[in-house]
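Reading the structure
What follows is each chain in one-letter form.
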Amino acid sequence: MQAVVIKTFGSPDGMSVVDIPTPTPAAGQVLITNAAIGVGGVDAVIRRGAISGYGFEEGFVPGSEVAGTVTAVGAGVAPSWVGRRVWAFTGTGGGYVEQSVASVEETLPLPESLSSTDAVTLGSSGMVAHFALAHAHFAPGETVLVRGAAGSIGIMAVQLAASAGAGAVAVTTSSAERGARLRALGATHVLDRAGAGDTAAPPNYDVIIDIIAGPDLPTFFDKLAPNGRVVTLGIVGGPPPADFGMRLIAAFQRSLSFATFSADSIPLADRNTVRTNHFAAASRGELQTVVHECLPLDQAASAHRKMDAGEVFGRIVLTP
Ligand SMILES: NC(=O)c1ccc[n+]([C@@H]2O[C@H](COP(=O)([O-])OP(=O)(O)OC[C@H]3O[C@@H](n4cnc5c(N)ncnc54)[C@H](OP(=O)(O)O)[C@@H]3O)[C@@H](O)[C@H]2O)c1
């Protein structure tokens, strides 16, 4: 079967399409014929070589989120799974292939009216956004700033905060066109990447959901209300300055909080519950999925070039 592997970490040119044997599901696993594969921001972070120490090696298959039909099951898995249309988390890697294996515990049946494409746009990003807001102790009526809202996680954070009754939902993004699209999803104020550009925006926020980190992170601490909380869940802009905590210490009297967040810290059952709820909400039209573009699996390198060029709003989906 066709698979996309990383032969050399760095540029998308280091990705290749190869032929590999179809996997056999092990005990507790299902085999899925993929109809849609999500291209996540984290795939690009790994491919660039920005995450070291996790043992990513030549031949690594990127992608962690697929949707399709179960065609076989391993020992201990009910045969009734065969023929079901599902979403699955394949682990860190293993997604950019025609057929994936996944643990049945991380495989969820899909509502009939939700497409596979929509499922891989929502399955992880909605869950991460949900728990990041919870980690920030976001409460209805509070003001929220989503930093890096044009990606799939940010798009979900905007919608979830708005639908939960946020007092205001500000976003950072790089263009007026993106800002208009984010307003249509629930943003009330649109800021540029530096956090400026909307004089009507609230002067400070109770919660900042930060997907960027990078050198500008400390300047966003100045935008926190007393008792404000920043939750950083991504490093799209690189690491923050080593002394970023000094800005919090300097604002001691405002009782600010900084936290990191990883969905790995959430129990699997809770992740599955939220994903299932989101699939149902999307199938009812209560959550919007934003698909930037569908591309054939063998154009995965092109998808990564588009991500590196900053062209992607929402998520690219690969179709085998
Ligand atoms: N914590 C977790 O559990 C978890 C789970 C999955 C993924 N992640 C992390 O989440 C990140 C990917 O999320 P994503 O796919 O939603 O994001 P993304 O699409 O990679 O980026 C989001 C947006 O950030 C803006 N941006 C890009 N570079 C920037 C820079 N240097 N400074 C300021 N803004 C910049 C871009 O929008 P504009 O051009 O409009 O500004 C971009 O669309 C990765 O770091 C990944 O590791 C975390």
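Treat the numbers as computed from the prediction; the structure is a model and nothing was measured. (Residues numbered from 1 in each chain as written. Predicted model: local features only at pLDDT ≥ 70, side-chain atom pairs only at ≥ 80, totals over all residues. Heavy atoms only, no water.)

Glancing now at the overall build of the protein. Looking only at helices and strands, one finds nine helices and 15 strands in the protein. Rg of the C-alpha trace for the protein: 20 Å, near the compact-globule value of 20 Å for 320 residues, within the 12% margin. The buried share of the protein, reckoned over its 320 residues, is 52%. Restricting to contacts in the protein with at least 6 residues of sequence separation, those with at least 24 account for 70%. Summed over its atoms, the accessible surface of the protein is roughly 13,400 Å², and 54% of this surface lies on carbon and sulfur atoms. (Helix = DSSP H or I, 4+ residues; strand = E, 2+ residues; numbered from the N terminus. Rg over C-alpha atoms; globule rule 2.2 N^0.38 Å. Buried < 20%, exposed > 50% of the residue type's maximum accessible area, 1.4 Å probe, protein only. Contact = heavy atoms within 4.5 Å. Areas by Shrake-Rupley, 256 points an atom, 1.4 Å probe, with all protein chains shown as cover.)

It is worth spelling out the site of the ligand at this point. The environment of the ligand is formed by 23 residues, the closest being Thr173, Ser174, Arg193, Phe261 and Ala263. Between an oxygen atom of the ligand and a main-chain N or O atom of Ser152, the distance comes to 3.3 Å. Surface burial for the ligand is 79%, taken as the share of its 940 Å² of free accessible area covered by protein chains. Secondary-structure elements contributing two or more residues to the shell around the ligand are α1 (41–47) and α4 (152–163). (Near = heavy atom within 4 Å. Polar contact = N/O pair within 3.5 Å; in protein donor to acceptor, adjacent residues only side chain to side chain.)

For side chains bearing opposite charge, pairing can occur when the charged atoms are close. In this structure the tally under the stated criterion is eleven salt bridges. The shortest N-O distance in the salt bridge between Arg271 and Glu106 comes to 3.8 Å. With a gap of 165 residues between them, Arg271 in helix α8 (residues 268–283) and Glu106 in the loop between β6 (99–103) and β7 (107–109) connect regions that are remote in the sequence. Of the two residues examined, Arg271 and Glu106, each falls in the buried class. One salt bridge connects Asp222 with Arg247, and the closest N-O pair in it is separated by 2.8 Å. Linking Asp222 in the loop between α6 (217–221) and β12 (224–232) with Arg247 in helix α7 (residues 245–250), this pair joins segments that are 25 residues apart in sequence. Each of Arg47, Arg48 and Asp308 takes part in one network of salt bridges that share partners. (Salt bridge = Lys/Arg side-chain N within 4 Å of Asp/Glu carboxyl O.)

Moving on to the domain arrangement of the protein. How large an interface is tends to be reported as the accessible area lost when its parts come together. Assigned domains of the protein: these are domain 1 (2–109 + 290–319) and domain 2 (125–264). Just the C-alpha atoms count here: the centres of domain 1 and domain 2 sit 29 Å apart. Taken together, the contacts link seven residues of domain 1 with eight residues of domain 2. Both faces combined, the contact of domain 1 with domain 2 buries some 780 Å², and carbon together with sulfur accounts for 58% of it. Our count for the contact surface shared by domain 1 and domain 2 stands at five residue pairs in polar contact (both at pLDDT 80 or more). When the residues that make up the side of domain 1 that touches domain 2 are grouped by side-chain class, the tally is three nonpolar, two polar and two charged. (Domains from an automatic or database assignment. Buried area = accessible area lost by both parts, 1.4 Å probe. Nonpolar A, V, L, I, M, F, W, Y, C, P; charged D, E, K, R; others polar.)

Before going further, it helps to spend a moment on the environment of Gly154. Relative to the assigned elements, Gly154 resides in helix α4. Among the residues examined, Gly154 registers a relative accessible area of 0% and is labelled buried. As for Gly154 and Leu268, which are separated by 114 residues in sequence, their C-alpha atoms are 22 Å apart. What Gly154 contacts, discounting residues up to four positions off in sequence, is Val146, Gly148, Ala149 and Ile211.

So, about the packing of helix α3 (residues 125–135) against α8. Between two packed helices, what matters for the description is the angle formed by their axes and the separation of those axes. It is the contact of α3 with α8, at a shortest axis distance of 9 Å, that shows an interaxial angle of 115°. Note that α3 runs across α8; the crossing there is right-handed. Residues Gly126, Met127, His130 and Phe131 of α3 touch α8, and the partners they reach there are Asp270, Arg271, Val274, Arg275 and His278. Residues of the contact of α3 with α8, tallied by class, amount to three nonpolar, three polar and three charged. (Axes fitted to C-alpha atoms, helices over the stretch in contact; angles between N-to-C directions. Left-handed = near helix turned anticlockwise from the far one by under 90°.)

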